[in-house]
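# A closer look at the structure
Below, each chain spelled out in residue letters.
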Amino acid sequence: MTEPENEHGATPTTRERLVEAISAHGPITARALAERFGLTSAAVRRHLTVLEAEGVIAEHVVPVAQRGRGRPSKSFVLSASAHEHLPGGYDEIAILAMQELARVGGEEAVERLAAERVADWEDELDARVTATEQAAGDELTPVDRLELLSELLTERGYATTVRPLSVPLPAPARQEGSAARTLVTAQLCHGHCPVLDIAAEHPQLCEAETRVISRIIGAPVQRLATLAQGAHACTTHIPLTEGRTP
């Protein structure tokens, strides 16, 4: 299979591909990266050692409260400096413009601009959903819609992935014989933010994104973490469906 070209028209190197995968899927282990690209773990670790020494990636530290027994596998995310060098949708003049907008128009002006920036997400996704449903001859599930949203946001520079989660719920104590329930949710994760520097100063951008995602999903969503606040990824909790296990 022919490798896709990068922005300079050249085939990406192994390290460039690793950086892209860590951006979209981090925190991720060397073993998982090796399986993704069909490489040996030893070869991947050599590249990761160089990338870590260059400050491109960093080890993801698992909080003590979340660690299980035994030594957790070492996983990686992009470093803070790497985010600064990834392609973005703004430059220095955009940051200055936002500061001036806030000075002249106040917080309400910033909020209006933040909402306008993501205003086309709904229409664009609706168009993609309609085209996909017509081609498939069937209605898309909430998970399918979420995958389409992930693809759209990745095209917009967010390096987005969907990470499904199934949480078993105990049956009510008073209802003997009732089946256990499974709460199906997902996390929408952005490994890169194209407006990171602006969002760090103006959280209205993140809030506008969360609101439009909520409208697209048709249910309340919760932003758990953001790159602008220093997290390794922007993570949004997405409620999907509630089913029953067999």
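Right above here is the structure, for reference.
Cut-offs applied
Residues numbered from 1 in each chain as written. Predicted model: local features only at pLDDT ≥ 70, side-chain atom pairs only at ≥ 80, totals over all residues. Heavy atoms only, no water. Pairing = 2+ DSSP bridges. Helix = DSSP H or I, 4+ residues; strand = E, 2+ residues; numbered from the N terminus. Contact = heavy atoms within 4.5 Å. Axes fitted to C-alpha atoms, helices over the stretch in contact; angles between N-to-C directions. Parallel < 35°, antiparallel > 145°, perpendicular 65-115°, else oblique. Left-handed = near helix turned anticlockwise from the far one by under 90°. Salt bridge = Lys/Arg side-chain N within 4 Å of Asp/Glu carboxyl O. Buried < 20%, exposed > 50% of the residue type's maximum accessible area, 1.4 Å probe, protein only.

### Examining the sheet that holds strand E1 (residues 28-29)
In a beta sheet, neighbouring strands are held together by backbone hydrogen bonds and run either parallel or antiparallel to one another. Strand order in the open sheet made by the three strands is E1-E3-E2, with antiparallel pairing throughout. Every interior strand has two partners, whereas the edge strands, E1 and strand E2 (57-59), have only one. In the sheet, E2 pairs with strand E3 (residues 75-78) via three bridges, with the strands oriented antiparallel. Opposite Glu59, over in E3, you have Phe76 as the bridge partner. Against the sheet, helix H3 (residues 41-53) engages E2 and E3, with an angle of about 100 degrees to E2.

### A look at the packing of helix H6 (residues 121-136) against helix H7 (residues 142-155)
At a closest axis distance of 10 Å, the pairing of H6 and H7 adopts a crossing angle of 125 degrees. As far as their axial angle goes, H7 and H6 are oblique. In this structure, H6 crosses over H7, and the sense of that crossing is right-handed. For the pair formed by H6 and H7, the contact residues are Trp121, Glu124, Leu125, Asp126, Arg128, Val129 and Thr132 on the first element and Arg145, Leu148, Leu149, Glu151, Leu152, Leu153 and Glu155 on the second.

### Let's talk about the pattern of salt bridges
By the definition in use, this model includes nine salt bridges. Between Glu122 and Arg215 there is a salt bridge, with its nearest N and O atoms 3.0 Å apart. Note that Glu122 is positioned in helix H6 and Arg215 in helix H9 (residues 204-217), a separation of 93 residues in sequence. A relative accessible area of 24% places Glu122 in the partly exposed class. We classify Arg215 as partly exposed; its relative accessible area is 49%.

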